[in-house]
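Listed below, chain by chain, are the residues.
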Amino acid sequence: MEKGENKSFADAVRGQERWAWKGPVITVKQQSLPWMEGSVVGRFNADMDFEQLGEEFVRGGMSMVRVRAMGDNLALLTSRGGEKMEEIINLNREWFDSVFINMQSWSASFTVSHRVVWVRCLGLLITLWNRECFARVVGDLATMIDIDDATLMWENLEFARLKVRIENNRFIRVARKYRINDQNISVFIEEEHPVVLEGQCKDSHRNYDSSDSITSTETYVEESAFSVKSNEEGESEGL
């Protein structure tokens, strides 16, 4: 601060923050349209995908609401007519509570911090293909949400296909060594990249490509025992 200059503490702190920032600085026009202001952000169950959410709206007769995917397990709900979303929700409270974990009014500062992706897990012994083992292997990388049907039924033994939730600023492509049940096992986990070809449907079974980079780490995980398939899930057909 120059001699004789009189700045408030808040101005001084803001000045320090601007001085500390080393990355790109961008100033752009920010817009907030009327339909944005009246929208609501809904968080639906993580084991449901956006296509299934849309089907729920059709079955529930909620054609008065437009549903937009925001990433992660979040959807932006906007009234198609003149009604307020809060009024629509209040009139159909039981239905909305059955579909969404929570809902909140959209604001200009709202951001999505996570995303849901499919990963392929290679190298894991098929005798260890169970929910607990999958969750432990991806545990410090992501949160496991679901398992692909082809993996559940042991139809494709090349790799296990898992749906996981990760932070937006992360990408999974990692090789690791685990010690599981007194056995050293090398596991490779890679995030799938969807490549939608012309005329192809955008479903969960797509064609994928991968990046060229790879990181390798060695992790020692000592487990006394991983559980096998539970009786509840079936002893012969699923996990």
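Anything mentioned here points back to the structure above.
Cut-off values and rules
- Residues numbered from 1 in each chain as written.
- Predicted model: local features only at pLDDT ≥ 70, side-chain atom pairs only at ≥ 80, totals over all residues.
- Heavy atoms only, no water.
- Salt bridge = Lys/Arg side-chain N within 4 Å of Asp/Glu carboxyl O.
- Helix = DSSP H or I, 4+ residues; strand = E, 2+ residues; numbered from the N terminus.
- Buried < 20%, exposed > 50% of the residue type's maximum accessible area, 1.4 Å probe, protein only.
- Phe/Tyr/Trp six-rings, centres within 6.5 Å; stacked < 30°, edge-to-face > 60°.

Engineer: Help me get a handle on the pattern of salt bridges, residues and values and all.
Structural biologist: Pairing between side chains of opposite charge can happen when the charged atoms of each approach one another. Under the defined criterion, the tally for this structure stands at 11 salt bridges. Of the charged contacts, one joins R115 and E191 as a salt bridge, the two residues approaching to 2.7 Å between their closest N and O atoms. With R115 in strand β5 (residues 114-122) and E191 in strand β9 (residues 183-191), this residue pair connects regions lying 76 residues apart in the sequence. In this structure, the salt-bridge partner of D140 is R176, at a minimum N-O distance of 2.8 Å. On the criterion of sequence distance, the pair formed by D140 in the loop between α6 (131-137) and β6 (143-147) and R176 in strand β8 (residues 173-180) is long-range, its members being 36 residues apart. By relative accessible area, R176 is classed as buried at 12%.

Engineer: Quick rundown of the packing of aromatic side chains? Include the residues and the values.
Structural biologist: According to the stated counting rule, one finds six aromatic pairs in the structure shown. Ring centres 6.3 Å apart and planes at 80° place the aromatic pair F57 and F96 in the edge-to-face group. With F57 in helix α3 (residues 50-59) and F96 in helix α5 (residues 93-99), this residue pair connects regions lying 39 residues apart in the sequence. Accessibility assignment for this pair places F57 and F96 in one class, buried.

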